[in-house]
Amino acid sequence: MVSRKPVTDSNDSTAPASGFAAITPHDSTDLTYVTRAIFVGGAGNLVAVDEQNNAVTFTGVTAGSVLPIRVRRVNSTSTTATALVALW
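**Student:** Describe the sheet that holds strand 1 (residues 20–22), naming the residues involved and giving the relevant values.
**Tutor:** The 4 strands are arranged 1-7-2-5 in an open sheet whose pairing can be described as antiparallel. Strand pairing shows two members of the sheet lacking a second neighbour, strand 1 and strand 5 (65–67), which therefore form its edges. Pairwise comparison of adjacent strand axes, ignoring direction, gives a mean angle of 25° for this sheet. Pairing geometry for strand 2 (residues 37–42) and strand 7 (residues 82–87), over 5 bridges, is antiparallel. Within strand 7, the position partnered with Val40 by the bridge is Leu84.

**Student:** Account for the pattern of salt bridges, naming residues and giving values.
**Tutor:** Inspection of the entire model under this criterion finds 3 salt bridges. The partner of Arg72 in a salt bridge is Asp30, and the shortest N-O contact between them spans 2.8 Å. Of this pair, Arg72 sits in the loop between strand 5 and strand 6 (73–75) while Asp30 is found in the loop between strand 1 and strand 2, placing the two residues 42 residues apart along the sequence. Its relative accessible area of 25% is what places Arg72 among the partly exposed residues. Since its relative accessible area comes to 32%, Asp30 is described here as partly exposed. The shortest N-O distance in the salt bridge between Arg73 and Asp30 comes to 2.8 Å. One end of the pair, Arg73, is in strand 6; the other, Asp30, is in the loop between strand 1 and strand 2, and 43 residues separate them in sequence. Put simply, Asp30, Arg72 and Arg73 are held in one network by salt bridges that share partners.

Criteria and thresholds
- Residues numbered from 1 in each chain as written.
- Predicted model: local features only at pLDDT ≥ 70, side-chain atom pairs only at ≥ 80, totals over all residues.
- Heavy atoms only, no water.
- Pairing = 2+ DSSP bridges.
- Helix = DSSP H or I, 4+ residues; strand = E, 2+ residues; numbered from the N terminus.
- Axes fitted to C-alpha atoms, helices over the stretch in contact; angles between N-to-C directions.
- Salt bridge = Lys/Arg side-chain N within 4 Å of Asp/Glu carboxyl O.
- Buried < 20%, exposed > 50% of the residue type's maximum accessible area, 1.4 Å probe, protein only.

Written as structure tokens, this is what we have:
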């Protein structure tokens, strides 16, 4: 059996994600971790809130997209994209 090194957390923005979790959009509850990227499984709009609490709407995101954005929360109001996965 091949021995594998454990994955370590890294703040290097070029490093691949070391964790992931489904996102349940909410207008006031932040995610457990600030994301490195978000996978969008179902097409639609996504309202992302950055680390400084600024919200922006990504309009018409296609299914299967990976958005390389660092966000603290995905708002439920006006988010129509589905099957969202946080990567950190």
